[in-house]
Amino acid sequence: MNNLRNKAALSVLLMVSLGHLLNDMFQAVIPAIYPMIKESLGLSFVQIGAITLTNQITSSLLQPMVGYFSDKHPRPYGLVVGMCFTLTGLLLLSVAKSFPLVLFSVAFVGVGSSVLHPESSKVARLASGGANKGCASREQSQARLDSAEAQPALANIGKGMAQSIFQIGGNVGRAIGPVAVALIVVPHGQGSIRWFALFAVVAIWLMAKIGSWYKKQIELYGRSKSKYDIANVSRLSKRQIIAALLVLLVLMFSKDFYTANLQSYLTFYMIDKFGLSVTASQYVLFAYLVSTAVGLLIGGEVGDRYGRKYVIWVSILGSSPFALLLPYCNLTWTIILVILVGMVMSSAMSAILVYATELLPGNVGMISGAFFGLAFGLGGIGSALFGWLADCSSIQYVFQLTAFLPLLGIVTYFLPNFKENNITLG
């Protein structure tokens, strides 16, 4: 029975990751078609910015609210509803012949994303069983055995690893989105976006399967939070929890601003400094994105075994030497350092997210939505800011300036060291 339960939970975790891949691929379609709709609809750069803002508002700002509601009122098939919004948005975008309809379309796609991230993050945590491999006290282990979360636990999969597997899907989706647009939409026009709607139908089917599994967990163990979920397992005061969350926000700012620069402008940097072709620069970007996926897996496993705080230290502050050297290296070393920065810095995301959910147990959806929304929002702001700065100076100057951002990882020192309190969350 336990083996069957473990296999079912593993299947759900993989389906959640695949659903994340498809969702973020759909999100990546929007900026990839900007040149096409700018020309066909005669849009200005201000209007292009408004499209981005509309998508960011619906996909980022709604996430904490969706997560808060789902924490209070679990909806097993909420993921299906969210993906239906995405499907509607894609179909509308394929036929949009006016600026207002484009805005309406990308808003629908954004709403779908705002539902998927907090809900899928909750499912990933549930499928993992809430395990902290190698670092649990006897009392915590017994509490997990008694909790509803622990019943469907995966064998040898910790919370950090489960979150990493979930997030890797999004990384891959963002990487293949522009490629899919180049292969499907560019040769065949805006109307071919409807082909992505077929993938959305597949995603709806996946979300329904996940919802069915999620519903069974609720029926088996009830809707109410377990004693373990609602307890303040960190044993920190409210003031200490707020201070720790503020530190995590600073770390998110450092990480997301720096990675926004790499994701948005790495290709331009490689072309400007080394004279690479567009195709060659895309290969460098692809190598960077692959390295972030590897880093996610490493960070999840190490965090489960040795503690989140150590991963955060190494991930953000540890990447600063590579970031500081990068603007002054030749082509070969630049590529090597880009890969190292991507691998090291990306390992922080699952650790930060799990650390935050342990600070506020019982609010997994709200915290996940807030941090995913913050990541998207900071990424959008950083991309716009660095684009303006590059116009005023140069893309190489932007890389020299942003290289100092990982130094903010020093504030990790102020995160509570839970092991000193006989608690092993960090």
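Everything below is about the structure shown above.
Residues numbered from 1 in each chain as written. Predicted model: local features only at pLDDT ≥ 70, side-chain atom pairs only at ≥ 80, totals over all residues. Heavy atoms only, no water.

Novice: Break down the overall build of the protein chain for me, with residues and values.
Specialist: The number of helices and strands found in the protein chain is 17 helices and zero strands. Looking at the protein chain as a whole, 55% of its 426 residues qualify as buried. Accessible surface, the protein chain as shown: approximately 18100 Å² in total, 69% of it carbon and sulfur. (Helix = DSSP H or I, 4+ residues; strand = E, 2+ residues; numbered from the N terminus. Buried < 20%, exposed > 50% of the residue type's maximum accessible area, 1.4 Å probe, protein only. Areas by Shrake-Rupley, 256 points an atom, 1.4 Å probe, with all protein chains shown as cover.)

Novice: Got a sec to walk through the pattern of salt bridges? Specific residues and values, please.
Specialist: The full count for this structure, using the stated rule, is one salt bridge. Here Lys 255 makes a salt bridge to Asp 256, at a shortest N to O gap of 3.0 Å. Of the two residues examined, Lys 255 and Asp 256, each falls in the buried class. (Salt bridge = Lys/Arg side-chain N within 4 Å of Asp/Glu carboxyl O.)

Novice: Before we move on, can you summarise the side chain of Thr 259 with the specific residues and values?
Specialist: Checked against the element boundaries, Thr 259 lands in helix 10 (residues 238–274). Within polar-contact distance, the side chain of Thr 259 engages the backbone oxygen of Lys 255 at 2.9 Å. In contact with Thr 259, other than residues within four places in its own chain, are Tyr 288 and Met 345. (Polar contact = N/O pair within 3.5 Å; in protein donor to acceptor, adjacent residues only side chain to side chain. Contact = heavy atoms within 4.5 Å.)

Novice: Go over the packing of helix 12 (residues 308–316) against helix 14 (residues 331–346), please, and point to the residues and values.
Specialist: Contact geometry of helix 12 with helix 14 gives a least axis separation of 7 Å together with a crossing angle of 155°. Our classification of the angle between helix 12 and helix 14 gives roughly antiparallel. Relative to helix 14, the crossing made by helix 12 is left-handed. Counted together, Val 314, Ser 315 and Ile 316 of helix 12 and Val 344, Met 345 and Ser 346 of helix 14 form the full contact between these two elements. Residues belonging to the contact of helix 12 with helix 14 are distributed by class as follows: four nonpolar, two polar and no charged. (Axes fitted to C-alpha atoms, helices over the stretch in contact; angles between N-to-C directions. Parallel < 35°, antiparallel > 145°, perpendicular 65-115°, else oblique. Left-handed = near helix turned anticlockwise from the far one by under 90°. Nonpolar A, V, L, I, M, F, W, Y, C, P; charged D, E, K, R; others polar.)

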